[in-house]
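The primary structure of each chain is shown beneath.
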Amino acid sequence: MKTAIYPGSFDPVTLGHLDVIERASALFDRLIVVVMHNQTKKPMFTAEERAALLRRVTGHLPNVEIDCFDGLLAAYAAERGACTIVKGLRAVSDFEYEFQMALANRKLNPDVDTTFLMTSAEYMYLSSSVVKDIAAHGGSIRDFVSPEIETEILKRMRKED
Ligand code: PNS
């Protein structure tokens, strides 16, 4: 059984993430989407909240599991018996950072390689940060996230939660 891991901040999950999840879940027997800590970011949602949102939008994919982990990705991959880490690549600007992480992760865990999926063209510009910025300035995020995620972002922006 081939297990892949798709790590990220997912703060929150966008349609671009969902596109990668759907495509990766068709390539591997099991896909574990893991919410992790990125020390360069200050998240809007807690890790558990992000995982709950991911569960809501991936319910139609039976081989997808959602998890949270606060530690080294290479160690998590070993613990879960993953053969690969999946990452999405958007513009050339993603490349250097992702290349560095892929090499560091392979150094830390030589059994785990990284598989890159090129973004679908319509999500080339999309990121969680862009979504939050548009919402914070009153713009519509309807085309960028699932409806249930849109509601949660707007609630959080209004600090109703
Ligand atoms: O969605 P992001 O914020 O680009 O995801 C980055 C993430 C969470 C995958 C990365 O920061 C990460 O792997 N964090 C876990 C800690 C770790 O293993 N760091 C070393 C990476 S070489």
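Each residue is numbered by its place in its chain's sequence as written, counting from 1. Per-residue local features of the predicted model are confined to residues with pLDDT of at least 70, and side-chain atom pairs are confined, for both listing and counting, to 80 or more; whole-chain, interface and lining totals are unaffected and use all residues. Where side-chain values are given, they derive from all heavy atoms of the structure, hydrogens and water being excluded.

Comment: elements are numbered from the N terminus, with helices defined as DSSP H or I runs of at least four residues and strands as E runs of at least two. When you go through the protein chain residue by residue, the secondary structure sums to 6 helices and 5 strands. Beginning at the N terminus, the succession of helices and strands in the protein chain can be written as β-α-β-α-β-α-β-α-β-α-α. Radius of gyration: C-alpha atoms only; globule rule: 2.2 Å multiplied by the number of residues to the exponent 0.38. The C-alpha atoms of the protein chain give 15 Å as radius of gyration, which agrees with the globular expectation for 161 residues (15 Å, within 12%). Dimensions of the protein chain, computed from the C-alpha atoms along their principal axes, are close to 45 × 30 × 30 Å. Looking at the protein chain as a whole, 46% of its 161 residues qualify as buried. Calculation of accessible area relied on Shrake-Rupley with a 1.4 Å probe; when residues are assessed, cover is drawn exclusively from the protein chains displayed. With an accessible surface of roughly 8,800 Å², the protein chain has 55% of that area assigned to carbon and sulfur atoms. Charge-centre separation for the protein chain: the mean point of 19 positive side chains lies 2 Å from the mean point of 23 negative side chains. Any residue under 20% of the maximum accessible area for its type is buried, any over 50% is exposed, and the rest in between are partly exposed; the area is computed with a 1.4 Å probe on protein chains only. Only four residue types enter the charge count: Lys and Arg as positive, Asp and Glu as negative, with His and the chain ends excluded. To locate a charge, the coordinates of NZ of Lys, CZ of Arg, CG of Asp or CD of Glu are taken.

Moving residue by residue along a regular strand, the side chains alternate between the two faces of the sheet. One bridge is not enough; two strands pair if DSSP finds at least two bridges between them. Alignment of strand S2 (residues 30–36) against strand S3 (residues 64–69), held across 6 bridges, turns out to be parallel. Paired with Met36 across the two strands is Phe69, which belongs to S3. Note on handedness: a clockwise path from strand one over the helix to strand two, with the strands aimed away from the viewer, defines a right-handed crossover. In the classification by handedness, the crossover that spans S2, the intervening helix H2 (residues 47–57) and the parallel S3 is right-handed.

The next thing to look at is the packing of aromatic side chains. Aromatic rings from Phe, Tyr and Trp, with only the six-membered ring used for Trp, were paired whenever their centres fell within 6.5 Å, and each pair was classed as stacked if the ring planes differed by under 30 degrees, edge-to-face if by over 60, and tilted otherwise. A full pass over the atoms with the stated rule returns 4 aromatic pairs. Taking the centre distance of 5.2 Å and the plane angle of 80 degrees together, the rings of Tyr6 and Phe10 count as edge-to-face. In this structure Tyr6 comes out as buried when scored by relative accessible area, which is 5%. Between the aromatic rings of Tyr125 and Phe144, the centroid separation amounts to 6.0 Å while the plane-to-plane angle is 75 degrees, which identifies the pairing as edge-to-face. Within this pair, whereas Tyr125 is found in the loop between strand S5 (113–118) and helix H5 (128–136), its partner Phe144 is found in the loop between H5 and helix H6 (147–157), the two being separated by 19 residues in sequence. Judged by its relative accessible area of 49%, Tyr125 falls in the partly exposed class.

Another aspect to go through is a nonpolar patch on the surface. Taken together, the side chains of Val92, Phe95, Phe99 and Leu103 present a nonpolar region at the surface, about 420 Å² in accessible area. Secondary-structure assignment places Phe99 in helix H4 (residues 92–108). Without a salt bridge and with relative accessible area above 30%, a residue can belong to a patch; like charges are then joined within 9 Å and nonpolar side chains (Val, Leu, Ile, Met, Phe, Trp, Tyr) within 5 Å. By salt bridge we mean one thing: a side-chain nitrogen of Lys or Arg within 4 Å of a carboxyl oxygen of Asp or Glu.

Moving on: the site of the ligand. Close to the ligand lie 14 residues; Ser9, Asn38, Lys41, Leu72 and Leu73 are nearest. Contact distances for the ligand include 2.7 Å between an oxygen atom and a side-chain N or O atom of Lys41. Polar contact is defined as a pair of N or O atoms within 3.5 Å, subject to the rule that within protein one atom must be able to donate a hydrogen and the other to accept it, and that residues adjacent in sequence are counted only when both atoms are side-chain atoms. At 2.8 Å from an oxygen atom of the ligand is found a main-chain nitrogen or oxygen belonging to Leu73. Computed on the free molecule, the ligand has an accessible area of 540 Å², of which 80% lies beneath the protein chains in the complex. Using a 2 Å cut-off from the grid points, one finds that the ligand occupies the largest pocket. For the shell around the ligand, the secondary-structure elements that each account for two or more residues are strand S1 (3–8) and H4. When residues of the shell around the ligand are assigned to their parent elements, the largest contribution, 4 residues, is made by H4. Near is defined per residue: the residue qualifies when any heavy atom it owns lies within 4 Å of the molecule or strand. Within this scheme a cavity is a closed region of a 1 Å grid, computed over the protein atoms alone, that accommodates a 1.4 Å probe without allowing it to escape, whereas a pocket is open but has protein on both sides within 12 Å along at least five of seven lines; lining residues each have an atom within 4 Å of a point. To qualify as sitting in a cavity or pocket, a molecule needs more than half of its atoms within 2 Å of the grid points.

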